[in-house]
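Descriptive structure summary
If you want the building blocks of each chain, they are given just below.
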Amino acid sequence: MPSGSDPLHLDGQRVLLVYGLMGDLVAAFRAFGLEYMHPLADWLRAQGAVPSVVKLRTAESVSANAARLRAEILADPAPALVIAHSKGGLEALAALLDPAAQAHCVGFLAMQSPFYGSPIADVVIGAKPLEAAAGGLARMLRIGSEEGVRDLTTSARRAWMAAAEAPIARLVAALPVCCVATALEDGQAHGRERLHLAAAQWMEKRGYGPNDGLVPVDSALIPGARHVVLPGSHIASVSRGPGRDPVAVMRAGLEALFGDAGAASVRIGSREPL
């Protein structure tokens, strides 16, 4: 765990950043104005941390990427702080259920991860042309296959979380774990976030509750972990833009991760304990 009186004292801390689905593709277009976790890495370096992106094919299956992440955690003698976005959080969770990887980690921050699945993935996999297109695109870009999307469906994730209930309980009892979720509302969406807003409204009408346009809030929260729920779309924690401050989102998660357990969970907008 970061030492010192400041819970965010990160000087010298090894940090592994884990991208979500297609995060590697988006990150490659930084020169064209797109960004994906770049502000987080820059801020972490400014604090003296040593961040690195785990090289994964982000559309591969969760199990395949979890095995690679486990190897990456164990590859360096320095214990790691794992910060993951979206699908990357599922892979980090699976990797950290391994006792050796868990012992080599100081904390796990999951941002907007669909632990219990995404209704949008259900739609893609439920429509064969969309599933075929997703798989074909992933293979063409050499980032995986349709397995990466299939692993995000609500049926697949609920079954996985149920089967792993006991190991997950042991993990959150032994290691600081914080889940950040966001919920998008009308008036908060700008530019490409309007697509997120349309999806968020579609999910709410179908009973999925507050969500960020891809992941329902309830899906992003691991039982027993610390929780932070803030306003925003699914890109709120990885890219800057009007109304978006990804570093502030990450810092809220880190404060809950390493701060006082009694103030670890906050509600949308109010930043008050749940």
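Residues numbered from 1 in each chain as written. Predicted model: local features only at pLDDT ≥ 70, side-chain atom pairs only at ≥ 80, totals over all residues. Heavy atoms only, no water.

**Some words on the overall build of the chain**
Our working definition: Helix numbering and strand numbering both begin at the N terminus, where a helix is a DSSP run of H or I of at least 4 residues and a strand a DSSP run of E of at least 2. Under the scheme applied here, a residue whose accessible area is under 20% of the maximum for its type counts as buried, over 50% as exposed, and between as partly exposed, the area being computed with a 1.4 Å probe on protein chains only. Here the accessible surface of atoms and residues is derived via Shrake-Rupley with a 1.4 Å probe, and residues count as covered only by protein chains that are part of the display.
If you tally the helices and strands in the chain, you get 12 helices and six strands. Relative to its full complement of 274 residues, the chain shows a buried share of 51%. Total accessible area on the chain is roughly 11,700 Å²; 57% of this is exposed by carbon and sulfur atoms.

**A closer look at the sheet that holds strand β6 (residues 226-231)**
Backbone-to-backbone hydrogen bonds pair the strands of a sheet. The strands run either parallel or antiparallel. Formally: We call two strands paired when DSSP finds no fewer than two bridges between them. Helix axes use the C-alpha atoms of the stretch in contact, all axes being lines fitted to C-alpha atoms, and the angles between their N-to-C directions lie in the range 0 to 180 degrees.
In space, the six strands of this open sheet follow the order β2-β1-β3-β4-β5-β6, with parallel pairing throughout. Because the sheet does not close on itself, it has two edges, and the strands there are β2 (50-53) and β6. Direction aside, the axes of adjacent strands within the sheet are offset by 20 degrees on average. Here six bridges tie strand β5 (residues 177-183) to β6, and the two strands are oriented parallel to one another. Looking across to β6, one finds that cysteine 178 is bridged to arginine 226.

**Here we look at the layout of surface pockets**
Going by this rule: Buriedness of a pocket was judged along seven lines, with at least five required to meet protein on both sides within 12 Å; pockets are open sets of points on a 1 Å grid over the protein atoms alone, cavities are sets where a 1.4 Å probe fits but cannot get out, and lining residues have an atom within 4 Å of a point. Grid points are joined across faces, edges and corners, and a volume is the space filled by probe spheres set on the points. We call Asp, Glu, Lys and Arg charged. Ala, Val, Leu, Ile, Met, Phe, Trp, Tyr, Cys and Pro are nonpolar, and the rest, Gly among them, are polar.
If you add up the space inside the second largest pocket, you get close to 190 Å³. In terms of lining residues, the second largest pocket is bounded by 14 residues, among which Pro231, Gly232, Ala236, Gly243 and Arg244 are the most central. Broken down by secondary-structure element, the contributors of at least two residues to the lining of the second largest pocket are β6 and α12 (246-258). Counted by class, the lining of the second largest pocket contains six nonpolar, five polar and three charged residues.

**Focus on the packing of aromatic side chains**
The cut-off we apply is this: Two rings from Phe, Tyr or Trp (for Trp, the six-membered ring) form a pair when their centres sit within 6.5 Å of each other. Planes less than 30 degrees apart are called stacked, planes more than 60 degrees apart edge-to-face, and all others tilted.
Enumeration over the complete set of coordinates arrives at one aromatic pair. Centroid distance tyrosine 19 to tyrosine 36: 4.8 Å. Interplanar angle 75 degrees. Geometry classified as edge-to-face. Taken together, the residues tyrosine 19 in the loop between β1 (14-18) and α1 (23-27) and tyrosine 36 in the loop between α1 and α2 (38-46) connect sequence positions 17 residues apart. The exposure class assigned to tyrosine 36 is buried, which follows from its relative accessible area of 7%.

**Points about the nonpolar core**
Cut-off, in case you're wondering: To define a nonpolar core, start from buried Ala, Val, Leu, Ile, Met, Phe, Trp, Tyr and Cys residues and group those joined through side-chain atoms within 4.5 Å. Pairs of residues are marked as contacts when any of their non-hydrogen atoms sit within 4.5 Å.
Membership of the largest hydrophobic core comes to 42 residues, with the highest contact counts inside it found for Leu69, Leu93, Leu96, Phe108, Phe115 and Ile222. For this core, the secondary-structure elements that each account for two or more residues are β1, α3 (62-74), β3 (80-85), α4 (87-96), β4 (105-111), α6 (119-126), α10 (165-174) and β5. Per element, the largest residue contribution to this core is five residues, and it comes from α4. Each residue touching leucine 96, except ones within four places of it in the same chain, is listed here: Ile73, Ala101, Gln102, Cys105, Phe108, Leu171 and Leu175. Leu8, Leu40, Cys178 and Leu257 belong to the second-largest nonpolar core, a separate cluster that totals 32 residues.

**Quick look at the pattern of salt bridges**
For clarity, the cut-off: The term salt bridge refers to a pairing of a side-chain nitrogen on Lys or Arg with a carboxyl oxygen on Asp or Glu at a separation within 4 Å.
Under the criterion given, the structure shown has five salt bridges. One salt bridge in this structure joins glutamate 35 and arginine 240, with 2.7 Å as the shortest N-O distance. Taken together, the residues span a long stretch of sequence, with glutamate 35 in the loop between α1 and α2 and arginine 240 in the loop between β6 and α12 at a distance of 205 residues. Classification of glutamate 35 as buried rests on a relative accessible area of 11%. Among the salt bridges present, the one from aspartate 98 reaches arginine 70, with a minimum N-O distance of 2.9 Å. Within this pair, whereas aspartate 98 is found in the loop between α4 and α5 (99-103), its partner arginine 70 is found in helix α3, the two being separated by 28 residues in sequence. When its relative accessible area of 22% is taken as the criterion, aspartate 98 is described as partly exposed.

**Thoughts on unusual backbone geometry**
At methionine 37, a residue that is not glycine, the phi angle is positive and equals roughly 65 degrees. As for its placement among the helices and strands, methionine 37 is situated in the loop between α1 and α2. Exposure remark for methionine 37: the relative accessible area of 1% places this residue in the buried category. Positive phi is not limited to glycine here, since serine 86 has a value of about 50 degrees. With respect to the element layout, serine 86 can be found in the loop between β3 and α4.

**A closer look at the side chain of serine 113**
Here is the rule: Whenever two N or O atoms come within 3.5 Å, that pair is a polar contact, provided that in protein one can donate a hydrogen and the other can accept it, and provided that, for residues adjacent in sequence, both atoms are side-chain atoms.
Position of serine 113 relative to the elements: it lies in the loop between β4 and α6. Of note is the side chain of serine 113, whose polar atom sits 2.7 Å from the backbone oxygen of serine 86. The contact partners of serine 113, leaving out residues within four places of it in the chain, are Ala84, His85, Ser86, Gly89, Leu90, Val215, Ser219 and Ala220.

**Observations regarding α4**
Counted residue by residue, α4 has nine buried out of 10 residues, so it is predominantly covered. Here α4 has its buried residues at Lys87, Gly88, Gly89, Leu90, Glu91, Ala92, Leu93, Ala95 and Leu96.

Geometry only, nothing functional implied.
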